[in-house]
Amino acid sequence: MAEQPADTSDQPAPGLRIVVAEDEALIRLDLAEMLTEAGHEVVGQASDGEQAVAMAREHSPDVVVMDIKMPGVDGISAAEVLGREGIAPVVMLTAFSDRTLVERARDAGVMSYVVKPFSAHDVLPALDIARARWQERKALEDEVADLGERFETRKRLDRAKGLLMQQLRLSEADAFRWIQKAAMDRRLSMREVADAVIAGMPDKK
């Protein structure tokens, strides 16, 4: 039996270069200190979305941690720019658990979000999730050029990942790596592997 990869979903990625964007100075400073104490490097601190985009363009960080509500250019609009330009994944901070905001953030390309008030236990794993989803997005873009096909492939990948997470007890990142490795080993597309997973595993409700 093939050895399953270890579940690393709760382990933050070490040594990331991060831009922090938060209009409340105390929260911004606390967050920067939290990230630095965890071994990351805060390469820029912004108080609005426009500054965040400019700093991200300048520093090419690994992750941008950004508040959703900021003056001028808000976090969702800034995240859209960063995603469109392929600069960096975004972890969104929000005091709101409103579904509409979450959906807007997702559609803008936000890779992960954290609801205030938060602690290191909330923020650090979100960095790893955002990085993993960003890498997945890049891999999908490399494989599928057509936007419509990419959307359909994304839906099938998400369903296949859910089945693998349920059946093999994998993290989301490990489920994607399982599909990616299977595609490489068998010289198939990730969509073909996802379809095989969906066909071969019962979707238990």
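Structure: see above.
Residues numbered from 1 in each chain as written. Predicted model: local features only at pLDDT ≥ 70, side-chain atom pairs only at ≥ 80, totals over all residues. Heavy atoms only, no water.

### Quick word on the overall build of the chain
Alright, step 1. From N to C terminus, the chain includes eight helices and five strands.
Alright, step 2. Walking the chain from its N terminus toward its C terminus, one meets helices and strands in the order β-α-β-α-β-α-β-α-β-α-α-α-α.
Alright, step 3. Considering only residue pairs separated by 6 or more positions, the chain has 64% of its internal contacts joining residues 24 or more positions apart.
Alright, step 4. Carbon and sulfur atoms provide 50% of the accessible area of the chain, an area that totals close to 11,100 Å². (Helix = DSSP H or I, 4+ residues; strand = E, 2+ residues; numbered from the N terminus. Contact = heavy atoms within 4.5 Å. Areas by Shrake-Rupley, 256 points an atom, 1.4 Å probe, with all protein chains shown as cover.)

### Describing helix α7 (residues 172-186)
Alright, step 1. The first and last C-alpha atoms of α7 sit 21 Å apart over 15 residues, in line with the 21 Å expected at 1.5 Å per residue.
Alright, step 2. Every buried residue of α7 is accounted for by A173, D174, A175, F176, I179, A182 and A183.
Alright, step 3. Each element contacted by the buried residues of α7 is listed here: α5 (120-143), α6 (147-168) and α8 (190-200). (Expected span 1.5 Å × (residues − 1). Buried < 20%, exposed > 50% of the residue type's maximum accessible area, 1.4 Å probe, protein only.)

### What to know about the pattern of salt bridges
Alright, step 1. For the coordinates displayed, the defined rule picks out 16 salt bridges.
Alright, step 2. D185 is paired through a salt bridge with K181; the nearest N and O atoms lie 2.7 Å apart. Separated by four residues within a single helix, D185 and K181 lie in helix α7, roughly one turn from each other.
Alright, step 3. In this structure K181 comes out as exposed when scored by relative accessible area, which is 51%.
Alright, step 4. Here the residues in one salt-bridge network are R133, E136, R154, D158, K161 and E172, joined through shared partners. (Salt bridge = Lys/Arg side-chain N within 4 Å of Asp/Glu carboxyl O.)

### Let's talk about the packing of α6 against α7
Helix-helix packing: each pair is described by the crossing angle between the helix axes and the interaxial distance.
Alright, step 1. Contact geometry of α6 with α7 gives a least axis separation of 9 Å together with a crossing angle of 110 degrees. With respect to each other, α6 and α7 are oriented roughly perpendicular. The handedness of the crossing between α6 and α7 comes out as right-handed. Contacts from L157, A160, K161, L164, M165 and L168 of α6 reach α7 at E172, A175, F176, W178 and I179.
Alright, step 2. Broken down by class, the residue content of the contact of α6 with α7 amounts to nine nonpolar, no polar and two charged. (Axes fitted to C-alpha atoms, helices over the stretch in contact; angles between N-to-C directions. Parallel < 35°, antiparallel > 145°, perpendicular 65-115°, else oblique. Left-handed = near helix turned anticlockwise from the far one by under 90°. Nonpolar A, V, L, I, M, F, W, Y, C, P; charged D, E, K, R; others polar.)

### Concerning unusual backbone geometry
Alright, step 1. Note the cis peptide between K116 and P117, where omega equals -10 degrees.
Alright, step 2. Note that P117 resides in the loop between β5 (112-115) and α5.
Alright, step 3. Phi at R169 takes a positive value of approximately 55 degrees, unusual for a residue other than glycine.
Alright, step 4. Position of R169 relative to the elements: it lies in the loop between α6 and α7.

### Some thoughts on the environment of I68
Alright, step 1. Topologically, I68 is positioned in the loop between β3 (63-67) and α3 (75-84).
Alright, step 2. Taking relative accessible area as the criterion, I68 reaches 4% and is therefore assigned buried.
Alright, step 3. Taking the C-alpha atoms as reference, I68 lies 8.6 Å from L101; in sequence the two are 33 residues apart.

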